[in-house]
Structure formats: C-alpha cells, structure tokens
Amino acid sequence: MNQVDYLRISLIDRCNFRCQYCMPEGVELDYILKQQMLTDEELLTLIKEVFIPVGFKQFRLTGGEPLLRPRVVDLVSAIASLPQTQDISMTTNGFLLAPMAQNLYNAGLRRINISLDSLDPDIFDQIIGNQGRSRWQQVWHGIQAAHEVGFDPLKLNVVVIPGVNDHEVLDLAALTIDKQWHVRFIEFMPIGNVHLFGDRGWVSSAELRESIRDRWGLTEAQVRGAGPADVFQIPGAKGTLGFISQMSECFCDRCNRMRLSADGWLRPCLLNETGQIDLKTALRSGTSTAQLQEQVSSLLAIKPEINFKGRDSGNQGIYTRTMSQIGG
C-alpha cells in the first residue's frame with residue numbers, strides 16, 4: 001500500500017443541501033451537538049501532536065458542508081501555517097463559496113473540490129433535495145469565483161446516478177476542454193442508502209469512459225496523483241477527467257488516507273467500520289497525545305488488512321452512519 005499520510009477532516013456534519021446519496025430521504029439524521037464536536041483547539045492539538053508525528057502531511061477539510069463551520073478561514077490558516085503541512089484542500093458544495101473564495105485562498109487554501117452533479121438547474125435541485133428557489137446559479141457563481149481567484153487544481157465532483165444525471169456525462173466532461181478544470185466522475189456508493197436507486201445500481205467508470213472515448217477519444221493523462229482517481233484526458237483538452245471506481249475496481253492498494261469525523265472518530269476505511277478510534281473522548285478524558293500517537297500508529301499498521309478484508313462490506317449497506325456523518 002501507499003504510505004498513509006492524508007487525513008480527511010470533517011469539520012461539521014450539517015449541510016445546507018440534502019443530496020440523496022449523502023443524506024438519504026426519510027432517514028432521521030441525529031446531528032452532532034456543538035459540545036460533542038471537536039473544538040478548533042482540540043482539532044489543532046490532534047493534528048500537531050498526534051497526526052503529524054505519525055506521518056500525516058496532507059489534510060482535506062470536508063463536511064457535511066465545511067463552509068458552515070464558524071471561523072473556518074481561521075482554521076484553514078492555522079493548519080496551512082504548520083511547517084509540516086504539505087497540502088491543505090477542501091471539498092465543498094460551493095453554495096457559500098463565492099464571497100469566501102478569496103479569503104480562503106489568502107489563508108493558504110490552494111486546492112478545492114466542488115460538487116456539481118448536474119448542469120441542469122432542475123435536475124440539480126432534485127439531487128440536492130431542494131424544494132424552494134433554485135440553488136444551481138449560486139453554486140455556479142462559487143465555481144467561477146474559485147476559478148478567478150486561482151485555485152489550482154479546481155476539481156468538480158460528479159456522482160453519477162442512473163436515470164437521473166447519467167445522460168449529462170458528455171456535457172460535464174466537455175467542461176474540461178476549454179478550461180483547466182478537472183471533472184471527477186464518482187461511482188455511487190450505497191453507504192446508509194443501499195435501496196436508494198433500487199435495481200439500477202451504479203454506472204461503472206468503464207461505461208462512462210467508453211461513452212467519452214466514442215465522442216472525443218480519450219488518453220491517459222500525463223499527470224496523476226496518489227489518490228483513488230484514474231486520470232484521463234480528452235485529446236487537446238486543458239483539463240482532465242478522473243474516474244473514482246470504488247464499486248467496480250478495487251483501489252485499496254493505493255489508498256493513502258484516513259477519515260476523522262466532526263465528533264472525533266478516526267476511521268481507517270470508508271467502506272467498512274472496522275477499527276475506529278474515538279479520539280475526542282480519549283483526549284477529553286486525559287489520555288496523553290503520546291498514547292494517542294501509539295493508538296493511531298497501531299491502526300496504521302493494520303490498515304491494509306482492514307482495507308482488503310473489509311472491502312466487501314461496502315456492498316452490503318450495513319453502516320451506523322450516513323456519508324454526511326462519516327465525512328464525505
């Protein structure tokens with residue numbers, strides 16, 4: 001396996017959208033109370049005194065919707081200013097991004113992923129569970145603001161949903177032709193919502209690549225990261241296309257990440273719940289950061305076994321938390 005040096009940090013479990021694949025309709029979400037969330041001070045203590053000493057160097061801020069976290073710009077600045085931080089990024093739905101983009105960039109954020117599951121405002125609102133005024137335009141403004149500020153790479157995440165937005169794959173892929181944007185197609189994952197799309201399941205990355213190849217051709221990109229995406233490019237395009245195929249193609253061998261929930265649970269694998277550690281309770285009960293380092297190091301040592309042996313549970317839909325509660 002790759003060296004595990006990448007931590008996805010959920011800043012908050014709340015979101016101003018209710019996307020079907022993240023917060024399943026009809027599911028009562030037990031939101032974390034403010035006093036149960038890691039405080040800024042606790043989070044920074046864990047980063048500086050536990051995660052960095054055991055080898056973590058890259059940090060991605062997620063949610064819920066991370067821009068709902070109070071003082072999020074200050075938190076970005078604090079993490080970015082640590083000398084050991086090699087990379088800090090964020091995943092957001094973009095709705096609150098336009099007025100915050102410049103401040104986030106000034107604070108040290110350089111890479112951003114924005115969810116954009118449809119270019120059709122009506123379909124977009126259907127996916128995000130919005131019944132009121134359309135929110136698509138404000139998200140699009142957030143994407144434009146991030147582009148103008150200079151975020152690079154600027155990635156657009158697309159969860160492909162059969163019968164809902166799969167007919168837009170070519171239009172979304174075309175966004176990479178004239179701009180240095182990076183569109184990432186993500187296979188739908190049945191986490192807490194295994195019955196959501198019935199027998200339609202998910203659309204495989206291979207099928208998406210074939211449709212794009214038939215339209216423009218498709219080549220492997222020259223640049224690829226250490227993450228789970230297989231990266232391709234339309235010939236002559238400025239941007240790239242990434243395919244995250246967690247359901248159809250196992251990439252456990254190149255997984256380099258763990259996840260920290262907003263209430264302090266460290267999760268070694270997204271696809272199963274084996275080996276989680278409650279770092280917040282341990283920290284608040286007086287456990288030393290040296291002891292927490294030992295616990296995290298022990299978990300790192302068995303992560304390959306957790307990944308491979310527990311992977312099949314990702315197809316069973318047996319989870320105590322939805323994606324939004326895990327930190328998607």
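Analysis parameters
- Throughout this document, residue positions are counted from 1 along each chain, in the order its sequence is written.
- Only residues with pLDDT of at least 70 get local features here, since the model is predicted, and only at 80 or more are side-chain atom pairs given and counted; chain-wide, interface and lining totals rely on the full set of residues.
- Heavy atoms throughout the structure, all of them, feed into the side-chain values; hydrogens and water do not.
- UniProt positions are given in the numbering used here, feature names are shortened, and annotations may be inferred rather than shown by experiment.
- We call a set of buried Ala, Val, Leu, Ile, Met, Phe, Trp, Tyr and Cys residues a nonpolar core when their side-chain atoms join them within 4.5 Å.
- Buried residues are those whose accessible area, probed at 1.4 Å on protein chains only, stays under 20% of the maximum for their type, while exposed residues exceed 50% and partly exposed ones sit between those limits.
- Note on conventions: DSSP H or I runs of at least 4 residues are helices, E runs of at least 2 residues are strands, and numbering of each starts at the N terminus.
- Working rule for contacts: check all heavy atoms of both residues, and any pair within 4.5 Å makes them a contact.
- At least two DSSP bridges between two strands are required for those strands to pair.
- Orientation is described by lines fitted to C-alpha atoms, with helices fitted over the stretch in contact, and by angles between N-to-C directions that extend from 0 to 180 degrees.

By the naming in an unreviewed UniProt entry, the protein chain is GTP 3',8-cyclase, taken from Nostoc commune NIES-4072. One UniProt comment on the protein chain, placed under Subunit (unreviewed entry), says "Monomer and homodimer." In the Function (unreviewed entry) part of its UniProt record, the protein chain is described as follows: "Catalyzes the cyclization of GTP to (8S)-3',8-cyclo-7,8-dihydroguanosine 5'-triphosphate."

## What about the nonpolar core?
Judged by nonpolar contacts, the single largest core of 81 residues is most densely connected at F56, L116, F185 and L266. It is helix α5 (residues 136-149) that provides the largest number of residues to this core, a total of seven residues. Leaving out residues up to four positions away in the same chain, L116 has contacts with F124, W136, V139, W140, I143, L156, N157, V158, L172 and L175. Residues I127, I186, A221 and I244 belong to the second largest nonpolar core, which totals eleven residues.

## Quick word on the sheet that holds strand β12 (residues 277-278)
Read across the open sheet, the twelve strands follow the order β7-β8-β9-β6-β5-β4-β3-β2-β1-β10-β11-β12; overall the sheet is mixed. The sheet is open, and its two edges are formed by β7 (219-220) and β12, each paired on a single side. Strand direction decides the pairing type here: strand β3 (residues 87-92) and strand β4 (residues 111-115), joined by four bridges, are parallel. Counted as the bridge partner of S89 is R111 from β4. Packed on one face of the sheet, α5 meets β4, β5 (154-160) and β6 (181-187) and runs near 165 degrees to β4. Taken strand by strand, helix α8 (residues 205-216) contacts β5, β6, β8 (230-233) and β9 (240-244), and its axis lies near 155 degrees from that of β9.

## Thoughts on the UniProt feature "binding site: [4Fe-4S] cluster 2" (unreviewed entry) in the protein chain
In the numbering used here, UniProt assigns the "binding site: [4Fe-4S] cluster 2" (unreviewed entry) feature to C252, C255 and C269. Across 18 residues, the annotated set stays spatially compact, with a maximum C-alpha separation of 9.2 Å. Position of C255 among the secondary structure elements: in the loop between β9 and β10 (257-260).

## A word on the pairing of β6
By the criterion of burial, β6 is predominantly enclosed, with seven of the seven residues buried. Covered by surrounding structure in β6 are W181, V183, F185 and E187 together with H182, R184 and I186, the residues of both alternating faces. As judged from the seven bridges shared by β5 and β6, these two strands associate in the parallel manner. Along β6, the bridge assignment pairs V159 with I186. Both β6 and β9 contribute to a ladder of five bridges, which runs parallel. Its bridge partner lying in β9, F185 is registered against F243.

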